[in-house]
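Geometric and topological summary
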Amino acid sequence: AALGGGEGPLSGRRFVVTAGPTHEPLDPVRFIGNRSSGRMGFAVAAALAEAGAEVDLVAGPVHLATPHGVRRHDVGTAREMHRAVMACIDGADGFVGVAAVADYRPASEAGDKIKKSAESMAVELVPNPDILADVAARNDRPAVVVGFAAETRDLENAARGKLEAKKLDLVAANRVGKDLGFDSEDNALEVFSAGRHWALSPKAKTALARELVAIIAERMLERES
Ligand code: CTP
Ligand code: CA
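Residues numbered from 1 in each chain as written. Chains lettered and ligands numbered in written order. Predicted model: local features only at pLDDT ≥ 70, side-chain atom pairs only at ≥ 80, totals over all residues. Heavy atoms only, no water.

**Description of the pairing of strand β6 (residues 94-97)**
Remember that side chains alternate between the two faces of the sheet whenever the strand is regular. Put simply, the rule reads: Relative accessibility decides the category of a residue: with a 1.4 Å probe and only protein chains considered, values under 20% of the type maximum give buried, values over 50% give exposed, and everything between is partly exposed. Only DSSP runs of H or I with at least four residues qualify as helices, and only runs of E with at least two residues qualify as strands; both kinds are numbered from the N terminus onward. Any two strands between which DSSP finds at least two bridges are classified as paired.
On β6, burial covers both faces: Gly94 and Val96 on one face and Phe95 and Gly97 on the other are all buried. Two strands pair when backbone bridges link them, and strand β1 (residues 14-19) and β6 are joined in this way by four bridges, in the parallel orientation. From the neighbouring strand, Val16 faces β6, where its bridge partner is Phe95. Pairing of β6 with strand β9 (residues 144-151) involves four bridges; the strand directions are parallel. Within β9, the residue paired with Gly94 across the bridge is Val144.

**Some words on the coordination of the calcium ion (ligand 2)**
Applied cut-off: Sites may look incomplete because water is not among the atoms; the donors themselves are N, O and S atoms within 2.8 Å of the metal, or within 3.2 Å for Na, K and Ca.
Taken together, the protein donors to the calcium ion (ligand 2) comprise Asp103 (OD) and Asp103 (OD), at separations of 2.3 to 2.6 Å. Looking at where Asp103 falls in the secondary structure, it is placed in the loop between β6 and β7 (104-106).

**A look at the side chain of Ser37**
Short version of the rule: In protein, a polar contact means a hydrogen-donor-capable atom and an acceptor-capable atom, both N or O and within 3.5 Å, with residues adjacent in sequence counting only if both atoms are side-chain atoms; elsewhere, any N or O pair within 3.5 Å suffices.
With respect to the helices and strands, the residue Ser37 is situated in the loop between β3 (30-32) and α1 (39-50). The exposure class of Ser37 is buried, given its relative accessible area of 16%. For Ser37, the side chain forms a polar contact with the main-chain nitrogen of Arg39, separated by 3.1 Å.

**Quick word on the pattern of salt bridges**
Put simply, the test is: Any carboxyl oxygen of Asp or Glu within 4 Å of a side-chain nitrogen of Lys or Arg constitutes a salt bridge here.
For the structure shown, the criterion picks out 17 salt bridges. Note that Lys162 is salt-bridged to Glu151, the shortest N-O span being 2.5 Å. Note that Lys162 is positioned in helix α4 (residues 155-165) and Glu151 in strand β9, a separation of eleven residues in sequence. Assessed through its relative accessible area of 12%, Glu151 is described here as buried. Linking Glu218 and Arg196 is a salt bridge whose minimum nitrogen-to-oxygen distance equals 3.1 Å. With Glu218 in helix α5 (residues 205-224) and Arg196 in the loop between β11 (186-192) and β12 (197-204), this residue pair connects regions lying 22 residues apart in the sequence.

Take a look at the structure:
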């Protein structure tokens, strides 16, 4: 099918999805970044397209093939990701923030490679824009705004905190840690809305993404009834 021409429960809807890490340069050869393969975000984009939606996927630096029927925009830094999302968010019906955006970036980027000289080195960091919060705060915000929360502890409280603070419709939370969540094919998710909770048991990220998209589609229909 052509881009966005699919049939399914999300036919005629457009979604913007972020995926992968962002890389915040320190100098021409080094960056501060986040452990994220991008697999979960790409799986969500693929599942949305399968459900008939038109999908704009804003991807940080990852080594993944573009899912079938998805329009991909490659970015490097959080600020580039913010700009790319804002360029295509107008008129979107849904936003799913799966990217592991770097919360901070180096205050300045050295023009030349930083040389090893001193015994220790300090890097000043400044906050990056919060893409998800900015999308949710728009006057013409998409009907359904979904965030992800990767947590090492206190999953439900942290997830519900984000749901409220960023004014989200849904938050999908997963446990991360040394051997969990990141480079694996499998994942488990707990999805929260203001009044409900879904526990999605561990399975392949592609299958998990389809279950999440079913919840998103249901939510989209509720909003319209
Ligand atoms: N997010 C974003 N832009 C940022 C930071 C986060 O869009 N600058 C999005 C992520 O894509 C995810 C959600 O916000 O959907 C939650 O990110 P998370 O890092 O868990 O939350 P933070 O609010 O950054 O809080 P903390 O890192 O302190 O847990
Ligand atoms: Ca964060």
